[in-house]
Each structure stands twice: as C-alpha cells, then as structure tokens.
Amino acid sequence: MVESHEMMEETLFLSLDYTLVQDVNEYRPDATAGYCVYRNVGGLQREILTSMDIDFVVIEEAVATSDLIYDFREAWIPVFVWTVKDAESMQRYLEMGAVGLVTDYPETGREMIVLYLAFSNTKYLSAEEWK
C-alpha cells in the first residue's frame, strides 16, 4: 500500500514486536522503522539500545523520564512519547528531549511543538544531517 502510493519517505513503521522491526529492516532497508517499548523499558540497557537496528523509539508516558530520554538520545535514537494528552505534559517531554509526541490531540501537539521550537534553542538535524 505504501509503495503503491509512493509514500515510503513519509511513512514511519512501528511495532511492539522487535522481530517485526527487524523484518521491515531486512525487506525494506530504505524504510524508517521504530520500536515501541511497552513497560519493560527498565530492562533495556545502553548496550542493548545501541545494538538494536531501529531508527526511533516510542516510550510510554508513564515511564518517560529525563534520564531515560537522555540515554536514548545519547545513543542517537530519537524518542517519541505516547500517549500524551495535555499541553503541560507535551511541553515537559519536549523539554526533556523527546523529538515527537503521540497524542489523541494533534492540534494541541502541533501548537506545543511550534511554541517549543520558537522559544527554545533546540536545533533538530535534517534527514541528511542525521544520516
């Protein structure tokens, strides 16, 4: 479906099952594939994080801490936080270093990201700079 609509560059693949992420990477190395960590995030160690073949990670709001986000970012793994429902939490996770938010309120999420970028010194790398 993604290929037939020529949307590969705009599509992020995400799974709770790391073997499915590996399958995406094997069959479509040009795809952007991420791993959604569910509750077991405390069991992940830096060595494991850096050895995983993932383009990004999505963590639950309940386990999102500055230290955890820092660990992922230090391993050059972009972090998204889910499911963030209020503006204050959105701002807090962006300030912690999350690069994106998963929310049921996309208008609020977009507004908070625009405000954060306007008033912070944060610079996000372009896709070319990242690779």
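In short, a report on the structure.

Calculation notes
Residues numbered from 1 in each chain as written. Predicted model: local features only at pLDDT ≥ 70, side-chain atom pairs only at ≥ 80, totals over all residues. Heavy atoms only, no water. Phe/Tyr/Trp six-rings, centres within 6.5 Å; stacked < 30°, edge-to-face > 60°. Helix = DSSP H or I, 4+ residues; strand = E, 2+ residues; numbered from the N terminus. Buried < 20%, exposed > 50% of the residue type's maximum accessible area, 1.4 Å probe, protein only. Salt bridge = Lys/Arg side-chain N within 4 Å of Asp/Glu carboxyl O. Core = buried A, V, L, I, M, F, W, Y, C linked by side-chain atoms within 4.5 Å. Contact = heavy atoms within 4.5 Å. Arc of directions from axis to C-beta. Polar contact = N/O pair within 3.5 Å; in protein donor to acceptor, adjacent residues only side chain to side chain.

Some remarks on the packing of aromatic side chains
1) Next: Scanning the entire structure with this criterion turns up two aromatic pairs.
2) Next: The interplanar angle of 70 degrees and the centroid separation of 5.6 Å between the aromatic rings of Tyr-18 and Tyr-35 together place this pair among those described as edge-to-face. Placement of the pair is Tyr-18 in helix α1 (residues 18-27) and Tyr-35 in strand β2 (residues 32-37), with a sequence separation of 17 residues. Note on accessibility: Tyr-18 and Tyr-35 belong to one class, buried.

Quick notes on the environment of Ala-118
1) Next: By the element assignment, Ala-118 lies in helix α5 (residues 106-119).
2) Next: Each C-alpha atom, one on Ala-118 and one on Ser-51, is 34 Å from the other, the two residues being 67 residues apart in sequence.

What about the pattern of salt bridges?
1) Next: In this structure the tally under the stated criterion is two salt bridges.
2) Next: The closest approach of N and O atoms between Arg-28 and Glu-3, which form a salt bridge, is 1.7 Å. Here Glu-3 lies in the segment before β1 (12-15) and Arg-28 lies in the loop between α1 and β2, a separation of 25 residues in the sequence.
3) Next: Across the pair Arg-28 and Asp-30 runs a salt bridge whose closest N-O atoms are separated by 2.6 Å.
4) Next: On the basis of relative accessibility, which here comes to 25%, the residue Arg-28 falls in the partly exposed class.

Some words on the nonpolar core
For soluble globular proteins, nonpolar side chains are generally found buried alongside one another.
1) Next: With 26 residues, the main nonpolar core has Ile-54, Val-57, Ile-59, Phe-72 and Val-81 as its most contacted residues.
2) Next: Contributing elements (two or more residues each) for this core: α1, β2, β3 (56-60), α3 (66-74), β4 (79-82), α4 (87-96) and α5.
3) Next: When sequence neighbours within four positions are dropped, the list of residues in contact with Val-81 reads Ile-59, Glu-60, Glu-61, Ala-64, Ile-69, Tyr-93, Ala-98, Gly-100, Leu-101 and Val-102.

Concerning α4
1) Next: All of the buried residues along α4 are Ser-89, Met-90, Tyr-93 and Leu-94. Along α4, the residues classed as buried sweep out an arc of 135 degrees about the axis, all on the same side. Across α4 from its buried face, at more than 90 degrees, point the exposed residues Glu-88 and Glu-95.
2) Next: Residues of α4 that are buried make contact with β4, β5 (100-101) and α5.
3) Next: Two or three places before Glu-88, at the opening of α4, Asp-86 has a side-chain oxygen 3.3 Å from that residue's backbone nitrogen.
4) Next: Of the residues trailing α4, Gly-97 is marked for its positive phi of about 120 degrees.

Observations concerning the environment of Leu-20
1) Next: Mapping Leu-20 onto the fold places it in helix α1.
2) Next: Along the chain, Leu-20 and Val-63 lie 43 residues apart, while their C-alpha atoms are 23 Å from each other.

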